[in-house]
Amino acid sequence: MSDNSVDPSGNTEAFQAFSREPETAAPSKLPYIIGGIVAAVVVIALIAWLAL
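In this text, all values refer to a predicted model and were calculated from it rather than measured experimentally.

Scanning the chain for helices and strands turns up 2 helices and 0 strands. The buried share among the 52 residues of the chain stands at 2%. In the form shown here, the chain has an accessible surface area of approximately 5,300 Å², with 66% of it arising from carbon and sulfur atoms.

This next bit is on a nonpolar patch on the surface. A cluster of nonpolar side chains, Leu30, Ile33, Ile34, Ile37, Val38, Val41 and Val42, forms an exposed patch at the surface whose accessible area comes to about 650 Å². Of note, isoleucine 37 is situated in helix H2 (residues 30-51).

Rules used throughout
- Residues numbered from 1 in each chain as written.
- Predicted model: local features only at pLDDT ≥ 70, side-chain atom pairs only at ≥ 80, totals over all residues.
- Heavy atoms only, no water.
- Helix = DSSP H or I, 4+ residues; strand = E, 2+ residues; numbered from the N terminus.
- Buried < 20%, exposed > 50% of the residue type's maximum accessible area, 1.4 Å probe, protein only.
- Areas by Shrake-Rupley, 256 points an atom, 1.4 Å probe, with all protein chains shown as cover.
- Patch = residues over 30% accessible without salt bridge, like charges linked within 9 Å, V, L, I, M, F, W, Y side chains within 5 Å.
- Salt bridge = Lys/Arg side-chain N within 4 Å of Asp/Glu carboxyl O.

Printed below as a string of structure tokens:
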């Protein structure tokens, strides 16, 4: 009885295609960092204004 599955290690090109994972870029966290800094500045300015 023959085996229908192909061993990807039998062929270098097939193995490279098998082992290659698609590269996905991680979403940037820069907008969240900038938003957090802006929110912190606004809160500090509000607290300073209320303290006057």
